[in-house]
Amino acid sequence: MTSSLAYPRTHWFFKFCESTLAAIAILNVLAMSLEFLPQSFWESYGTYFEYFLSGMIVLALTSSAAYVWFWHRREATGQVHSGLRHAWLQGIIRYWLAFEISTYGFAKILRTQFETPSYRLDMPVGDLNGFALTWYYYGYSYTLAVIIALFQIGGSILLLYRRTTLLGVMILLPVMVNIVMINLFFSIAPGAFFNSVIFTLGLTFLLLLDVDKLKRAFWDLVDRLPPVTLGQSWVKHGLRVLPIALAFAMIQYFVVTNKNDKVLAGTWKVEQLIRNGQVVPATAWLTDTTAWNRVYFAGWQGCAFSPNPYRYRPAESLRGGYEFDSLKNKLRIVVDNQKAKKPTKDTLWATLSERTSKSMRLRGIFNRDTVDMRLARLK
């Protein structure tokens, strides 16, 4: 059996935040009816959607300000049961979040989210925007999508009970913060970004309601183990720094020992290829995989020679590592030749000349052939 204590009197700002979130919750649920409007409506009025979102926020703020003003005045004279109002408003917030977030969860399970149209699968990765990259990445594994969905649905169910609300918030909040950052930095649709932000604010509000519980659980430590003494106190402080310092030192060593070339880095178009004194025709790549049309330099990630002028395919290209001496304009490329009967490593020794930021000439010997290429940098 649970007992109900009198809800303490709250500051007007707390009431305003609570009322605003509840107002947004009601308006947000009502706005979901727009999803059922025909496509012709969105074609005609879709450009005004951002104004609709702004209007919804303004309406929620103004109506909440008026409501809280009346509420606070009546509370001062003892004419209102504030505890019951808080219960209603927080209940609206909890049920709204459960409904909305679980909707996104079921969308993943039923495959209405993270589905990539077939025509986009044939687009070069460099031409995809943040939205398309995100959808393709998360849609690659249906199992991952289902796991995320189960967190969303499970956490939403926990929000429906007061006793488990805090647990539901702690499950959902990391998920929603991650979604907010994805929506922001990958330029996902404004509506999705708006929803993720207000869901996160709602969860944060519910979390702060139990800040005393969190403080007791995570900060007021009751240590059940005896202290480990290591002489002076600075020794233990030094040991705490050591794992972080070692992690940084290891990665810094990798950066220093694997110098990343920035002079040649990028994609280069082969404007002319001369092999053994003979000009290779521009269409030779259709039948000859050594008739290169693209050269890619990617620093410590290596380089690649591709015959296809439209997209890179590992099976028909040569890939390996390279070292470049910018002072002597000497280039050494070690290529993994997987096409040979016995996979070998072939070395291309080359000299660069006529080098500018946008073009250069590469001449050398590769696999007993003389190679002369004029390259132009692509954006």
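Look up: the structure comes first, before these words.
Description of the structure in this document.

Thresholds, definitions, all that
- Residues numbered from 1 in each chain as written.
- Predicted model: local features only at pLDDT ≥ 70, side-chain atom pairs only at ≥ 80, totals over all residues.
- Heavy atoms only, no water.
- Axes fitted to C-alpha atoms, helices over the stretch in contact; angles between N-to-C directions.
- Helix = DSSP H or I, 4+ residues; strand = E, 2+ residues; numbered from the N terminus.
- Parallel < 35°, antiparallel > 145°, perpendicular 65-115°, else oblique.
- Left-handed = near helix turned anticlockwise from the far one by under 90°.
- Contact = heavy atoms within 4.5 Å.
- Nonpolar A, V, L, I, M, F, W, Y, C, P; charged D, E, K, R; others polar.
- Core = buried A, V, L, I, M, F, W, Y, C linked by side-chain atoms within 4.5 Å.
- Buried < 20%, exposed > 50% of the residue type's maximum accessible area, 1.4 Å probe, protein only.
- Pairing = 2+ DSSP bridges.

**Looking at the packing of helix α1 (residues 12-31) against helix α9 (residues 190-208)**
Phase 1 of the analysis: Viewed as axis vectors pointing N to C, α1 and α9 meet at an angle of 140 degrees, and their least axial separation amounts to 11 Å. With respect to α9, the axis of α1 lies oblique. Two packed elements cross with a definite hand, and for α1 against α9 that hand is left-handed. For the pair α1 and α9, contact is made by Phe14, Glu18, Leu21, Ile24 and Asn28 and by Phe194, Asn195, Ile198, Phe199, Leu201, Gly202 and Phe205, respectively.
Phase 2 of the analysis: For the contact of α1 with α9, a count of residues per class yields eight nonpolar, three polar and one charged.

**Describing the nonpolar core**
Phase 1 of the analysis: In terms of nonpolar packing, the biggest core is built from 30 residues, with Ile93, Trp96, Leu97, Leu159 and Leu203 touching the most fellow members.
Phase 2 of the analysis: Mapped onto this core, the elements with two or more residues apiece are α1, α3 (49-76), α4 (82-109), α8 (165-185) and α9.
Phase 3 of the analysis: If you tally residues by element for this core, the top one is α9, at seven residues.
Phase 4 of the analysis: Ignoring sequence-local partners within four residues, the contact set of Ile93 consists of Glu18, Leu21, Ala22, Gly202, Phe205 and Leu206.
Phase 5 of the analysis: Formed by 27 residues, the second largest nonpolar core is a distinct cluster that contains Trp268, Phe297, Ala350 and Leu375.

**Observations regarding the pairing of strand β1 (residues 266-275)**
Phase 1 of the analysis: Strand direction decides the pairing type here: β1 and strand β3 (residues 294-297), joined by four bridges, are antiparallel. Directly across from Gly266, in β3, lies its bridge partner Phe297.
Phase 2 of the analysis: Here β1 pairs with strand β2 (residues 278-279) via two bridges, running antiparallel. The residue of β2 that forms the bridge with Arg275 is Gln278.

**A closer look at the pairing of strand β9 (residues 369-378)**
Phase 1 of the analysis: Across eight bridges, β1 lies against β9 in antiparallel orientation. Following the sheet pairing, Arg275 is matched in β9 by Val371.
Phase 2 of the analysis: With antiparallel pairing between neighbouring strands as the criterion, strand β8 (residues 359-366) and β9 make up a hairpin whose turn holds two residues, including Asn367 at a positive phi of roughly 55 degrees.

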